[in-house]
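In case you want the letters, here they are:
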Amino acid sequence: MTGTETSDAASAVDLALVRRVQAGDAEAFGELVERNRRAVFRAALAAVGSATDADDVAQEAFVTAFQKLHGFRGESSFKTWLLAITWRKAIDRRKSVTRWMQRMVAPAHTSETGEEWNPVDRLAAGGQSQEDDLMTADLQRRLKPLIASLPKKLRDALLLAGSGDHTYDEIGKLLQVPTGTVKWRVSEARKVLKLKMTSMGYTDV
Amino acid sequence: MSKVGGRGSGIGDRALDAAIDAAVREMLDMEPAADLRGRVMDRIDGLSANSAAGSAFERKLWWIAGPVAVAATIVLAVLVPWRGATTIERPPSTGGGDTRLAVESAPRPSIVTHERPAPIHVVTIRSSTPGPQSIRAADAAGEDVNFTSVEAVQALAGPEAIAVQRLTEPSPRSLPSIEPAPLEIRALQISALPETPRERREE
């Protein structure tokens, strides 16, 4: 899905593709995968915390969506419907994955190209001074385990909202809670994190 | 911008919010694998192929299993009544050849033996079912031993009719009157209690 495409226009394009698939054009589903793979992957990643698991979940979600597509009536947008399937799959996966915490707080990550990279190096490439970069990197390094240790409800809302791929409405439908509850959970998550950071010595000026 | 520092350093609320946002973005800053679409489409193709193969197999299975099921139903429908008829007329399970063998192999309750050594008594058994139905001992007076003959036993006569006398109705009895007698209530005398508890105790 392109960044310039509005939500309504994107939904209309998705719906047209869905109708083509329902009419028997399986190739149109490939286009739906391409348009939504990033959002699906990010939602799965927010739940399972591992790129490998998120990739598996995304694949399973797309296959399941294809199998159930004949029952899609267009009452909600295809993306919302697809993300709901993804989220259920991801939660199932999360229940069976015990290494979530270790993966989420791992200091080094592997990029898509397979290279290991460090957040400190990444931030240092920006325009800030080296000292600020290192301090910011230190803060983020400390924040990640705190985010990972948040209660699931708060963490899910915070990560989904922070991904930038989903609106609050979409997150609400995903988590099956009202939009206001999503906003409250995000705010509460921030509050908890700030309290923890304060207790660690990061005090307000 | 508020200063972001290490342990014990001052930090602004906005800076902390920004740091949280950055940390969240970084945790999710991964892209899906480039071949995701290809893998999904391969899986879908596989599903379609399996589905087609499955439906073809099912069609073939129905073509074979359908006639077999119909034939089996017809055979059962024909054989079941015949089997019921032969069950009624079937000879003893041990066969009708050698009566002695039949006696020896018959279940224990159906065997009738006599302790006297001679003459040998033959027990003839005829039964429509494996259980003992009728047993007839040869005449104790000395019938010759005949191992090959099987004597037919007449069917047992039904029990004689039992005459039951009609019940006689009991003669009506006159019951004594059960009218209640008038109650007699004796007059009660009520005396005054002592005034104080101490007086009551002393009394």
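Procedures and definitions
Residues numbered from 1 in each chain as written. Chains lettered and ligands numbered in written order. Predicted model: local features only at pLDDT ≥ 70, side-chain atom pairs only at ≥ 80, totals over all residues. Heavy atoms only, no water. Helix = DSSP H or I, 4+ residues; strand = E, 2+ residues; numbered from the N terminus. Buried < 20%, exposed > 50% of the residue type's maximum accessible area, 1.4 Å probe, protein only. Contact = heavy atoms within 4.5 Å. Areas by Shrake-Rupley, 256 points an atom, 1.4 Å probe, with all protein chains shown as cover. Salt bridge = Lys/Arg side-chain N within 4 Å of Asp/Glu carboxyl O. Phe/Tyr/Trp six-rings, centres within 6.5 Å; stacked < 30°, edge-to-face > 60°. Axes fitted to C-alpha atoms, helices over the stretch in contact; angles between N-to-C directions. Parallel < 35°, antiparallel > 145°, perpendicular 65-115°, else oblique. Nonpolar A, V, L, I, M, F, W, Y, C, P; charged D, E, K, R; others polar. Expected span 1.5 Å × (residues − 1). Polar contact = N/O pair within 3.5 Å; in protein donor to acceptor, adjacent residues only side chain to side chain. Patch = residues over 30% accessible without salt bridge, like charges linked within 9 Å, V, L, I, M, F, W, Y side chains within 5 Å. pLDDT = per-residue confidence, 0-100. Core = buried A, V, L, I, M, F, W, Y, C linked by side-chain atoms within 4.5 Å.

Focus on the overall build of chain B
Of the regular secondary structure elements, chain B holds four helices and two strands. Counting from the amino terminus, helix and strand elements in chain B follow one another as α-α-α-β-β-α. Of all 203 residues assigned to chain B, the portion counted as buried reaches 18%. Put simply, of all contacts in chain B between residues at least 6 apart along the chain, 36% involve residues at least 24 apart. Surface exposure of chain B reaches about 16800 Å², of which carbon and sulfur atoms provide 59%.

Concerning the pattern of salt bridges
Should the charged atoms of two oppositely charged side chains come close, the side chains can pair. Overall, the coordinates contain 20 salt bridges over all chains when judged by the stated rule. Residue R37 of chain B pairs with E34 of chain A through a salt bridge whose shortest N-O separation is 4.0 Å. Residue R37 of chain B is located in helix α2 (residues 36-89), and its partner E34 of chain A is located in helix α2 (residues 27-48); the two belong to separate chains. Residue E34 of chain A is classed as partly exposed on the basis of its relative accessible area of 32%. The partner of K194 of chain A in a salt bridge is D17 of chain B, and the shortest N-O contact between them spans 3.0 Å.

Quick notes on unusual backbone geometry
Even without being a glycine, Q176 of chain A presents a positive backbone phi close to 60°. Tracing the sequence through the fold places Q176 of chain A in the loop between α9 (168-175) and α10 (179-199).

What to know about the packing of aromatic side chains
Residue and element names in this part refer to chain A. All chains considered together, the criterion is met by five aromatic pairs over all chains. Relative to W81, the ring of F72 has its centre 5.0 Å away and its plane inclined at 45°; by these criteria the two rings are tilted. For W81, a relative accessible area of 19% translates into the label buried. The structure contains a cluster of three or more aromatic residues connected by ring pairs, namely F29, F62 and F66.

A few points about the packing of helix α8 (residues 152-163) of chain A against helix α1 (residues 13-27) of chain B
Their axes nearest at 9 Å, the elements α8 of chain A and α1 of chain B cross at an angle of 85°. The angle between α8 of chain A and α1 of chain B places the two elements in the roughly perpendicular class. Judged by residue contacts, L158, L159, G162 and S163 of chain A of α8 of chain A engage I20, V24, R25 and M27 of chain B from α1 of chain B. Partitioning the contact of α8 of chain A with α1 of chain B into residue classes produces five nonpolar, two polar and one charged.

As for helix α3 (residues 51-68) of chain A
Residues and elements named next belong to chain A. Compared with an ideal rise of 1.5 Å per residue, which puts 18 residues at 26 Å, α3 spans 25 Å between its outermost C-alpha atoms and is within 8% of the ideal. Of the positions making up α3, those classed as buried are D53, A54, D55, V57, A58, Q59, A61, F62, V63, T64, A65 and F66. Where α3 begins, the capping side chain belongs to S50, and its oxygen is found 3.3 Å from the backbone nitrogen of T52.

Details of a nonpolar patch on the surface
Taken together, the side chains of V70, I74, V75, V78 and L79 of chain B make up a nonpolar region of the molecular surface, amounting to roughly 440 Å² of accessible area. Following the sequence through the fold, V75 of chain B ends up in helix α2.

Points about the confidence of the model for chain B
All names here are of chain B. The pLDDT averaged across chain B works out to 67; a share of 53% of its residues lies at or above 70. The least confident element of chain B is strand β2 (residues 134-137), whose mean pLDDT is 44; the most confident is α1, at 86. In this model, residues 121-143 is a region of pLDDT below 50 whose contacts with residues beyond four sequence positions or in other chains number 52 contacts. Reported for the predicted complex are a pTM of 0.52 and an ipTM of 0.72.

Overview of the confidence of the model for chain A
The predicted coordinates ought not to be read in detail in places where the model reports low pLDDT. All names here are of chain A. Per-residue pLDDT for chain A averages 80, and the proportion of residues at 70 or more is 77%. Within chain A, α3 carries the highest mean pLDDT (93), whereas strand β2 (residues 116-117) carries the lowest (35). For the stretch residues 107-128, pLDDT sits under 50, and the model shows 29 contacts to residues farther than four places along the chain or on other chains.

Things to note about the side chain of E26 of chain B
For E26 of chain B, the position within the fold is in helix α1. You can call E26 of chain B buried: its relative accessible area is 7%. Of the polar contacts made by the side chain of E26 of chain B, one reaches the side chain of K144 of chain A; its length is 2.8 Å.

A look at the nonpolar core
The biggest cluster of nonpolar side chains holds 67 residues, and the ones touching the most others in it are F29, I147 and L158 of chain A. With 13 residues, the top contributor of residues to this core is α2 of chain A. Among residues more than four places away in sequence, those in contact with L158 of chain A are I147, L150, V186, A189, R190 and L193 of chain A together with I20 and V24 of chain B.

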